[in-house]
Amino acid sequence: MTDVSIEAASGGTGGGAEAPAPANRREPHHLWRMVAIWAVLAVVVDLLFWFLVGPHVPPGDMTDVAVSNQFDFNVLFVAALPVIIAVWVYLAYTLITWRAGRKDAPEPVGGAQARTHLGVQVGWIATTTVIVLGLFVFGTVELISNAGSGGGEGPNPIWTPTSATILPVQVIGQQWKFTYRYPTFGGFESQQLMLPNDTTIAFHVTSLDVIHSFWAYQLSVKADANPQLDNVAYATTRQTGSVTVRCSELCGLWHGAMFNYGSVVPKATFYAWAKATEQATAANTKYLPPFAWTYVPDANGADGGYYPDNVDPYSNAEVYGATPVSPKP
Ligand SMILES: [Cu+2]
């Protein structure tokens, strides 16, 4: 070990020319060649990606947050592609240039010279710092400027949309389905997520049992569904179409089957549907618990969990420490 270092240090004054190449042959500056190949490829691939692939990157453009998240993903791709291209160019270049079968192939020299190269060290630290901190600032700005970017912000969101009118839709997760309540239409409950187009929606996501996660992929909305917590996420619809909703938090045996579908429809269609469903389900709605942002699960009751007991006595387990609907005798 010591011998090698001394040898390298004492012989390392020729700037990489110690390789056993023929005396009459001048080695090109391989690093600059690699940089040139990389720069051209990186620009070409980034441009091709941005214009050809970018518009098709999920989650698409069904809502404002989907558009902004697609933009974010594309920026991340454009930042990442030159990095992977650098690795591939380096690998391909070295395999070709210094392959054993090449006649008079020069022996690459590394070791001590590479380790003490100030330019490489400063360049490496500076480049990675700029990439990491740049993406950190970019991601934070994008999260805040898009009202939480479709993510759950808890019961008291600090990043809110600027729209004058917001339609609240409650998402209720339970083992193993999602249902939706519409508080501005008498609090009726639907098995299907229906949304009006060109409208800012406030999703109020909660759970009746364990932790689920409401993931409406095309809307680019993803918010955890916690029992006794009102988790709010925003999105503004821009296009009609169908939506897939999946649970994205492992929640028990049939987690994989916990999905359903929804639609973004024209405003008039939505209001007609909502009014009609409100009337059609009125007889059932009165048996639901009154609309609330969260519901107390009824762990021991024989009534299926959703429906709070109106009959005393409650056990502590039934109300999870909350105040019963009516006081104990
Ligand atoms: Cu679930």
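Please refer to the structure placed before this passage.
Just so it is clear, the structure is predicted and the values come from calculations on it, not from any experiment. (Residues numbered from 1 in each chain as written. Predicted model: local features only at pLDDT ≥ 70, side-chain atom pairs only at ≥ 80, totals over all residues. Heavy atoms only, no water.)

**Concerning the nonpolar core**
Here comes step 1: Counting residues in hydrophobic clusters, the biggest one holds 34 residues, and the most contacted among them are Tyr180, Tyr182, Leu193, Phe203, Phe214, Leu219 and Phe270.
Here comes step 2: Setting aside chain neighbours within four positions, we find phenylalanine 270 in contact with Leu167, Tyr182, Phe185, Met194, Leu195, Pro196 and Val265. (Core = buried A, V, L, I, M, F, W, Y, C linked by side-chain atoms within 4.5 Å. Buried < 20%, exposed > 50% of the residue type's maximum accessible area, 1.4 Å probe, protein only. Contact = heavy atoms within 4.5 Å.)

**Quick word on the sheet that holds strand E9 (residues 241–247)**
Here comes step 1: The 5 strands lie next to each other as E4-E10-E9-E6-E7, forming an open sheet whose pairing is mixed. The open sheet has two free edges, formed respectively by strand E4 (193–196) and strand E7 (221–225), since each of these has just one partner strand. The mean angle between the axes of side-by-side strands here comes to 20°, regardless of whether they run parallel or antiparallel.
Here comes step 2: Alignment of strand E6 (residues 212–216) against E9, held across 3 bridges, turns out to be antiparallel. (Pairing = 2+ DSSP bridges. Helix = DSSP H or I, 4+ residues; strand = E, 2+ residues; numbered from the N terminus. Axes fitted to C-alpha atoms, helices over the stretch in contact; angles between N-to-C directions.)

**Let's talk about the pattern of salt bridges**
Here comes step 1: Counted according to the given criterion, the structure contains 1 salt bridge.
Here comes step 2: Among the ionic pairs, glutamate 278 bridges to lysine 275, the shortest N-O distance being 3.5 Å. Taken together, the positions of glutamate 278 and lysine 275, both in helix H6 (residues 267–280) and 3 residues apart, correspond to about one turn of that helix.
Here comes step 3: Residue glutamate 278 is classed as partly exposed on the basis of its relative accessible area, which comes to 22%. (Salt bridge = Lys/Arg side-chain N within 4 Å of Asp/Glu carboxyl O.)

**Regarding the packing of aromatic side chains**
Here comes step 1: Under the defined criterion, the tally for this structure stands at 18 aromatic pairs.
Here comes step 2: When the centroid spacing of 6.0 Å and the interplanar angle of 55° are considered together, the rings of phenylalanine 71 and phenylalanine 138 count as tilted. Of this pair, phenylalanine 71 sits in helix H3 (residues 64–97) while phenylalanine 138 sits in helix H5 (residues 118–145), and the two are 67 residues apart along the sequence.
Here comes step 3: Since its relative accessible area comes to 35%, phenylalanine 71 is described here as partly exposed.
Here comes step 4: Residue phenylalanine 138 is classed as partly exposed on the basis of its relative accessible area of 21%.
Here comes step 5: Considering the side-chain rings of tyrosine 182 and phenylalanine 270, the 6.0 Å spacing of their centres and the 45° angle between planes classify their relative orientation as tilted. Within this pair, whereas tyrosine 182 is found in strand E2 (residues 177–182), its partner phenylalanine 270 is found in helix H6, the two being separated by 88 residues in sequence. The burial state of tyrosine 182 is the same as that of phenylalanine 270; both residues are buried.
Here comes step 6: The rings of Tyr182, Phe185, Phe188, Phe270, Tyr271 and Trp273 are connected pair by pair, giving a single aromatic cluster.
Here comes step 7: Against the face of tryptophan 215 rests lysine 222, its NZ or CZ located 4.9 Å from the ring centre. (Phe/Tyr/Trp six-rings, centres within 6.5 Å; stacked < 30°, edge-to-face > 60°. Lys NZ or Arg CZ within 6 Å of the ring centre and 35° of its normal.)

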